[in-house]
Amino acid sequence: MADEFDEFTKDLLDMAKQFKGGKYAKRHMKNQGKKMAKEEKNEFLSSGAGAGSGMTEEEIKKTFKAGRVFKDDEGDLSCRGYSSHPLTHLLDKGFIHKPDGKFVPGYHFIDDAKDNFEDEFIDNTEDFLDKMLDKYGM
């Protein structure tokens, strides 16, 4: 049953991409990318990844944003939330501290944000499709 629903949802999204050049679907995906970036920022702050680093935490906090809407390998629209700060990936995945050669484990706040946002994304996409069907009588 879940596979049939997923297939139906994918068909509706394909239809939305074709409708009026896909501008509504692109706008929806961009908004979801912004929400994902906000979720990543909240996870970063709640994980304590930048705690004690002083100015770096404030700098990283400002760099979470949504990327461009693009077509992935399967042809589906996608939009990423990310941080453009060069230290974010080190705090997320971990790194080797050069002076003593010890591995400093990461906080994995990006994965946690993805897991937290997944259900919200599905709900938002279903709402988007419902509104589109109601508004345009599809």
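Please refer to the structure placed before this passage.
What counts and what doesn't
Residues numbered from 1 in each chain as written. Predicted model: local features only at pLDDT ≥ 70, side-chain atom pairs only at ≥ 80, totals over all residues. Heavy atoms only, no water. Helix = DSSP H or I, 4+ residues; strand = E, 2+ residues; numbered from the N terminus. Buried < 20%, exposed > 50% of the residue type's maximum accessible area, 1.4 Å probe, protein only. Contact = heavy atoms within 4.5 Å. Patch = residues over 30% accessible without salt bridge, like charges linked within 9 Å, V, L, I, M, F, W, Y side chains within 5 Å. Areas by Shrake-Rupley, 256 points an atom, 1.4 Å probe, with all protein chains shown as cover. Salt bridge = Lys/Arg side-chain N within 4 Å of Asp/Glu carboxyl O. Lys, Arg positive; Asp, Glu negative; His and termini not counted. Charge placed at Lys NZ, Arg CZ, Asp CG, Glu CD. 1 Å grid on protein atoms, 1.4 Å probe; cavity = no way out; pocket = protein on both sides within 12 Å on 5 of 7 lines; lining within 4 Å. Points joined across faces, edges and corners; volume = space filled by probe spheres on them. Nonpolar A, V, L, I, M, F, W, Y, C, P; charged D, E, K, R; others polar. Core = buried A, V, L, I, M, F, W, Y, C linked by side-chain atoms within 4.5 Å.

1. Looking at the overall build of the protein
Working step 1: Looking only at helices and strands, the protein has five helices and six strands in total.
Working step 2: Reading the secondary structure of the protein in the N-to-C direction produces α-α-α-β-β-β-β-α-β-β-α.
Working step 3: Expressed as a percentage of its 138 residues, the buried residues of the protein come to 31%.
Working step 4: The contacts of the protein with a sequence gap of at least 6 include a subset with a gap of at least 24, amounting to 57%.

2. Digging into a negative patch on the surface
Working step 1: Residues Glu118, Asp119, Glu120, Asp123, Asp127, Asp130 and Asp134 make up a contiguous surface patch of negative charge.
Working step 2: Mapped onto the secondary structure, Asp130 falls in helix α5 (residues 109-136).

3. A closer look at the layout of surface pockets
The gaps of empty space that remain are located by a probe, the size of a water molecule, rolled over the atoms.
Working step 1: Considering only enclosed or pocket space, the second largest pocket measures out at about 320 Å³ in volume.
Working step 2: Along the walls of the second largest pocket sit 13 residues, with Tyr24, His28, Asn31, Phe128 and Lys131 positioned nearest its centre.
Working step 3: Those elements that provide at least two residues to the lining of the second largest pocket are α2 (23-47) and α5.
Working step 4: Considering every element that reaches the lining of the second largest pocket, the biggest residue donor is α5, with seven residues.
Working step 5: Across the lining of the second largest pocket, the residue classes break down as four nonpolar, four polar and five charged.

4. Some points on the nonpolar core
The nonpolar side chains of soluble globular proteins are, as a tendency, buried together.
Working step 1: Residues Tyr24, Ala25, Met29, Ala66, Leu77, Cys79, Phe128, Leu129 and Met132 constitute the largest nonpolar core, which totals nine residues.
Working step 2: Every element with two or more residues in this core is listed here: α2 and α5.
Working step 3: Ranked by size, the runner-up nonpolar core spans six residues in total, among them Phe44, Phe64, Leu91 and Phe109.

5. A look at the pattern of salt bridges
Working step 1: Across all of its chains, the model carries four salt bridges by this definition.
Working step 2: Of the charged contacts, one joins Lys61 and Glu58 as a salt bridge, the two residues approaching to 3.5 Å between their closest N and O atoms. One end of the pair, Lys61, and the other, Glu58, are both in helix α3 (residues 55-61), three residues apart, so they sit about a helical turn from each other.
Working step 3: One salt bridge connects Lys93 with Asp111, and the closest N-O pair in it is separated by 3.6 Å. With Lys93 in helix α4 (residues 88-93) and Asp111 in helix α5, the pair connects residues that are 18 residues apart, well separated along the chain.
Working step 4: Salt bridges here are not isolated pairs; linked through shared partners, they connect Asp92, Lys93 and Asp111.

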